[in-house]
Amino acid sequence: MADLIPALQNALRDAVRRLLPEPADADALEVPVLRVPDDKPGDYGSPIAFGLAKTLRRNPAQIAAELAAAVVPPEGVARVEAVGPYLNAYVDPGAFVRAVIAAPLDLPPSGRKVVVEHTSVNPNKEAHVGHLRNIVLGDAVARIERAAGHRVEVQNYIDDTGRQAAESLFAIRYFDETPPADEKYDHWLGRLYVRLGEAKERDPETIERGVAEVMHRLERGELRHEVERIVRAQLATYHALGAEYDLLVWESDVVAAGFLQRGLEVLERLPHVTRPAEGKFAGALVMDVSEFLPGLEEPQVVLVRSGGNAMYVAKDIGYHLWKVGRLAGMAYRAFDRQPSGHTLWTTHPDGAAEIEGHDFGHAQQAVNVIDVRQAHPQAIVRAALELTRAADAADDDTAAEAVLHHLAYEVVTLEGQAMSGRKGVTLAIDAVLEEAVRRARAVVADKQPDLPAIDDVARAVGVGALRFAMLKSEAKRVIDFRWEQALSLAGDSAPYVQYAHARADSILRAASEAAAAVRAADWDALGPLEVKLAQLIARYPEVVRNAAHDDAPHVVAQFALDLATAWNGYYNHRGPDGRPDTAVLRAEPGLREARLALVAAVRDTLARALSLLGVEAPRQM
RNA sequence: GCGCCCGUAGCUCAGUCGGAUAGAGCGUUCGCCUCCGGAGCGAAAGGCCACAGGUUCGAGUCCUGUCGGGCGCACCA
């Protein structure tokens, strides 16, 4: 609960003030308050006496005892007592649980806008398990940032002028094949791409010439329609995973909008960006990034080669200057209608500069979900953004604070092997999805054969299990993808949480069906078991804040597991006599209503946490 | 060589930005449906939190070093 802890901190601070020779010293005092371990008495505790022991030069346990005597418990706290050197508070169960249930789950709007870029798969083949982590992570981060009160725009960058797209498109002509009706377009293209790689050994000149020509056509935007076809096929996969986007950003449009040139003009005004007349960088445009990347052997980064060609980072910098509102001049139009009904927009040469109700870019923060191997180039983009911001702040202190957070996630290996598209050590997301849903369906059919919407449930469970497996541990952890582990339906998994949710919902359903004599809740009948559950629910806003601050979905996943575990434990709890003592529906009137309210809060909080991870919470499973 | 990340139970991972006797899942062993969903619950076993110093009343958490593993260090994208 939001205000109980500050109230407790204030009460403790007041007590300290009475104890100190210089009462003013207490004003700035930090009062740590934590939940007490399960085997210790009390609900919230503070180690405040430790810190005071030093300045007072006295035994902390003694100080704790004196503070306990001096403290005036705030509303909602029954009493405060010393437990050794700790100061533990017992909340008043009725008041506490009621307050937790009444507290809003939503965080207030921040007024900040965050652009989350993720997916950004090359438009030349089907997405594989390596991309899976990116998509799921990015999607969850977007949901979490939104829940934290920020305006969020999800961008998916389409590298339509790259070599990979060119190779795939050229392969169609080279092998002169037409896509089969029974194979997804991106899968078919991926196969041609691999075949072309093999054919290069036999016929290098023709292929090299052909690919180069396709690249030029791509740059001129002549093959837009062909690339769009690939992108649409890939989008079907992302949508099946539950991910949606706000805007596709095409590299050819970034270039056509002049962001490369204009970005370079912005950079050239910086003292860090120079054009050496001699030395190894003679004729090139370079940027000194030593301020941001200390310890580099070579602090100069080439932006434009001495031959005049721009490096890729330069394009990326231009793109990012637009993201944070330093450049404008892009055109947009609708691309697709996504499963939720949300329109997916795209940049487009024939689009409109203004779209009613949309203000693309102009973010205060950019989050880039890109694997850790890109850490270097990302740091360079970030350095460029920081440098331009610093330059602006010098003569205009209203310059927006724009920060780039590179969410660097580790790679996914496949059964211990490094993933490699070329070598064919790869696994398509579509195949994994199919298998996940198939396995989930078998379990659902076994456990709940009479379930009405069995296919929907199997999908929710299968996809949920997969997403959860990608999200439950930190991004910087290497994930080795293994079937039985990723699709586990037991233990630390989405189905475990979903099951807890469905169980709560089934109680609430039964209650509403039997709603004959509804009493007013008797909050005072609640006890310590309910407090433990409510304490977890009360953490939710803090969990969202922390997860958003660090762009760390695993924080939410771990919370969902904790809450589900606590709820399952409560549900199965037995009293000293060995009999269940937490029955909800069969509890006495009054207590029953209070418990029902708590169960509803459990269910809603579980559903909310799962939704932040993009995991559905079926009412039955 | 330089830089970043990781080292916690047999395996896979958490650990509330320094607090109480380090927690889960999987696996192993033993229990629990005359009771609201057993995809569940309870219990047992399993740990020099890589190692060595340091800071602190207090270190898995912060600092330094060592060892082991991963990744990155282009006028490539």
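Our structure is the block above this text.
As the structure is a computational prediction, the values presented were derived from the model and not from experiment. In every chain, residue numbers begin from 1 and rise along the written sequence. To read the labels, note that chains go from A and ligands from 1, taken in the order they are written. Owing to the predicted nature of the model, reporting of local features is limited to residues with pLDDT of at least 70; listing and counting of side-chain atom pairs is limited to 80 or more, with chain, interface and lining totals taken over all residues. Calculated side-chain values reflect all of the structure's heavy atoms, with hydrogen atoms and water omitted.

Participant: Looking at this structure, I do not really get the packing of aromatic side chains. What am I missing?
Facilitator: Each aromatic ring pair is summarised here by two numbers: the centre-to-centre distance and the angle between the ring planes. Planes of paired rings set the category: under 30 degrees apart is stacked, over 60 is edge-to-face and the rest tilted, where pairs are Phe, Tyr or Trp rings (Trp by its six-membered ring) whose centres lie within 6.5 Å. Considering all chains together, one arrives at 15 aromatic pairs under this definition. Consider the rings of Phe170 and Tyr174, whose centres lie 5.6 Å apart with planes at 35 degrees: the pair is tilted. On the criterion of helical spacing, the pair formed by Phe170 and Tyr174 is a turn pair, its members being four residues apart in helix α6 (residues 163-175). Judged by relative accessible area, which is 5%, Phe170 ranks as buried. We classify Tyr174 as partly exposed; its relative accessible area is 26%. Taken together, a centroid distance of 6.0 Å and an interplanar angle of 20 degrees make the contact between Tyr319 and Trp322 stacked. Taken as a pair, Tyr319 and Trp322 lie in helix α12 (residues 312-323) at a separation of three residues, close to a single helical turn. Of the two residues examined, Tyr319 and Trp322, each falls in the buried class. Chaining the aromatic ring pairs together yields one cluster made of Tyr157, Phe259, Tyr319 and Trp322. The ring centre of Tyr90 lies 3.8 Å from the NZ or CZ of Arg79, which sits over that ring. In this structure, Arg232 is placed above the aromatic ring of Phe335, and the distance from its NZ or CZ to the ring centre is 3.9 Å. Secondary structure counts use DSSP, requiring at least four H or I residues in a row for a helix and at least two E residues in a row for a strand, with both numbered from the N terminus. Type-normalised accessible area, obtained with a 1.4 Å probe on protein chains alone, sets the label of each residue: buried when under 20%, exposed when over 50%, and partly exposed for intermediate values. Any Lys NZ or Arg CZ found within 6 Å of a ring centre and within 35 degrees of that ring's normal is scored as a charge over the ring.

Participant: Please explain the pairing of strand β4 (residues 86-91) as it appears in this structure.
Facilitator: Across a regular strand the side chains alternate sides, sitting on one face of the sheet and then on the other. A large share of β4 lies buried, amounting to five of its six residues. Whether two strands pair depends on DSSP finding at least two bridges between them. Pairing of strand β2 (residues 44-46) with β4 involves three bridges; the strand directions are antiparallel. Note that in β4 the partner of Tyr44 across the bridge is Ala89. Examined bridge by bridge, strand β3 (residues 77-83) and β4 share six bridges and lie antiparallel to one another. Its bridge partner being in β4, Val80 is matched across the sheet by Ala89. The turn joining β3 and β4, which pair antiparallel and follow one another in sequence, is formed by two residues; a positive phi near 60 degrees is taken by Gly84.

Participant: Before we go on, may I ask you to explain the sheet that holds β3 in this structure?
Facilitator: Adjacent strands of a sheet pair through backbone hydrogen bonds, lying either parallel or antiparallel. Strands sit in the order β1-β2-β4-β3 across an open sheet of four strands; the sheet is antiparallel. A single partner strand is all that each edge strand has here, and the edge strands are β1 (34-35) and β3. One ladder, built from two bridges, connects β1 with β2; its direction is antiparallel. Its bridge partner lying in β2, Arg35 is registered against Tyr44. Contacts are assigned to residue pairs that have any heavy atoms within 4.5 Å of one another. Angles shown run from 0 to 180 degrees and are taken between the N-to-C directions of axes, each axis being a line fitted to C-alpha atoms and, for helices, limited to the stretch in contact. Where helix α1 (residues 4-19) meets the sheet, it contacts β2, β3 and β4, and its direction lies at approximately 35 degrees from that of β2. Contacts from helix α3 (residues 60-70) reach β3 and β4 within the one sheet, and its direction differs from that of β3 by about 160 degrees.

Participant: What am I meant to see in the side chain of His239 here?
Facilitator: Here His239 shows up in helix α9 (residues 224-241). Taking relative accessible area as the criterion, His239 reaches 15% and is therefore assigned buried. Residues within four places of His239 in sequence aside, it is in contact with Glu244, Asp336, Gln338 and Pro339.

Participant: What should I look at first to understand the packing of helix α5 (residues 129-147) against helix α15 (residues 454-471) in this one?
Facilitator: The description of two helices packed together rests on the angle between their axes and the distance between the axes. At a closest axis distance of 9 Å, the pairing of α5 and α15 adopts a crossing angle of 85 degrees. In terms of orientation, α5 and α15 fall into the roughly perpendicular class. In this structure, α5 contributes Leu132, Arg133, Val136, Leu137, Asp139, Ala140 and Arg143 to the contact, and α15 contributes Leu466, Arg467, Met470 and Leu471. Asp, Glu, Lys and Arg are counted as charged, while Ala, Val, Leu, Ile, Met, Phe, Trp, Tyr, Cys and Pro are counted as nonpolar; the rest, among them Gly, fall into the polar class. The class makeup of the residues in the contact of α5 with α15 is seven nonpolar, no polar and four charged. Oblique is the label for any angle not under 35 degrees, not over 145, and not in the 65 to 115 range, which are roughly parallel, roughly antiparallel and roughly perpendicular in turn.

Participant: Which parts of the structure should I look at to understand the protein's contact with RNA strand B?
Facilitator: In the region of RNA strand B, 61 residues are neighbours, and Arg35, Lys280, Arg305, Lys476 and Arg503 sit closest. Each atom of RNA strand B within 4 Å of the protein belongs either to a base or to sugar and phosphate, the latter forming 58%. Polar contact criterion, stated in full: a pair of N or O atoms within 3.5 Å, where within protein one must be able to donate a hydrogen and the other to accept it, and residues adjacent in sequence count only if both atoms are side-chain atoms. Tyr86 is positioned such that a nitrogen or oxygen atom in its side chain is 2.8 Å from a sugar or linking oxygen of RNA strand B. At 3.0 Å from a phosphate oxygen of RNA strand B is found a side-chain nitrogen or oxygen belonging to Lys447. Listed by contribution, the elements that provide at least two residues to the surface near RNA strand B are α2 (48-56), β4, α13 (375-395), α14 (429-447), α17 (494-513), α19 (540-550) and α20 (553-571). Looking at the surface near RNA strand B, the element that brings in the most residues is α17, giving six residues. Here the residues of the surface near RNA strand B are counted per class, giving 24 nonpolar, 18 polar and 19 charged. Think of it this way: one heavy atom of a residue within 4 Å of a molecule or strand is enough to make that residue near it.

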